[in-house]
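A look at the structure
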Amino acid sequence: MKKNINNSEDLEKIKQILADFTLVFDRHICLIPTYSKIKYIEKKTGEFSHGGQLLKINGDNLLLKIHTGFKPILWTLKYKDYAIYIENLEKKKTKRKQKNNLYKLYDAGLLK
């Protein structure tokens, strides 16, 4: 069952999931790099989807590769009908640096 932003229980979970993602305005869709991780919310119903990787922008459509089980699925959606979120790479880089620094401290025997 899909999560919906109109449900208060789901809304908190969706906010946590989207904490490392940034809303993309329609006029900036063309600037999204290929292979970026995308999540989206349908504007009419409020249904949240985990999306996938952006493969191509073709006019008003986004071509996504979605991994479900063993075979990836190619999926298109009209971005004007959805609120599109893109993974914030700066936050991801910061977390990776923190993890690497913690590992270095652990490896040097400074953490117990």
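Look a little higher up for the structure.
Structure report, in brief. Remember, it's a predicted structure, so these values are computed and weren't measured experimentally. (Residues numbered from 1 in each chain as written. Predicted model: local features only at pLDDT ≥ 70, side-chain atom pairs only at ≥ 80, totals over all residues. Heavy atoms only, no water.)

It is worth spelling out the overall build of the chain at this point. For the chain, the count of helices and strands is 2 helices and 6 strands. Secondary structure elements in the chain, listed N-terminal to C-terminal, are α-β-β-β-β-β-β-α. Against the globule reference of 13 Å for 112 residues, the chain gives a C-alpha radius of gyration of 17 Å, more extended than a compact globule. Viewed in the frame of its principal axes, the chain has a C-alpha envelope of about 55 × 35 × 35 Å. For the chain, the residues scored as buried account for 28% of the 112 residues in total. Element-wise, carbon and sulfur atoms account for 55% of the exposed surface of the chain, whose accessible area totals about 8500 Å². Of the charged side chains in the chain, 23 are positive and 12 negative; the average position of the first set lies 7 Å away from that of the second. (Helix = DSSP H or I, 4+ residues; strand = E, 2+ residues; numbered from the N terminus. Rg over C-alpha atoms; globule rule 2.2 N^0.38 Å. Buried < 20%, exposed > 50% of the residue type's maximum accessible area, 1.4 Å probe, protein only. Areas by Shrake-Rupley, 256 points an atom, 1.4 Å probe, with all protein chains shown as cover. Lys, Arg positive; Asp, Glu negative; His and termini not counted. Charge placed at Lys NZ, Arg CZ, Asp CG, Glu CD.)

Let's shift gears to the pattern of salt bridges. Summed over all chains, the structure comprises 4 salt bridges. The closest approach of N and O atoms between Lys95 and Asp20, which form a salt bridge, is 2.8 Å. In this pair, Lys95 is assigned in helix α2 (residues 89–107) and Asp20 in the loop between α1 (8–17) and β1 (21–24), connecting sequence segments 75 residues apart. Of the charged contacts, one joins Lys92 and Glu87 as a salt bridge, the two residues approaching to 3.7 Å between their closest N and O atoms. What makes Lys92 partly exposed here is its relative accessible area of 35%. The buried category is assigned to Glu87, whose relative accessible area is 16%. (Salt bridge = Lys/Arg side-chain N within 4 Å of Asp/Glu carboxyl O.)

When the terminal C-alpha atoms of α2 are compared, their 27 Å separation across 19 residues agrees well with the 27 Å that a helix rising 1.5 Å per residue should span. Its side-chain oxygen 3.1 Å from the backbone nitrogen of Glu90, Asn88 forms the N-cap of α2. (Expected span 1.5 Å × (residues − 1). Polar contact = N/O pair within 3.5 Å; in protein donor to acceptor, adjacent residues only side chain to side chain.)

Pairing analysis gives 8 bridges linking strand β4 (residues 61–68) to strand β5 (residues 71–78), with the strands arranged antiparallel. Within β5, the residue paired with Lys65 across the bridge is Leu74. Linking two consecutive strands that pair antiparallel, namely β4 and β5, is a turn of 2 residues; a positive phi of about 70° is found at Gly69 within it. (Pairing = 2+ DSSP bridges.)

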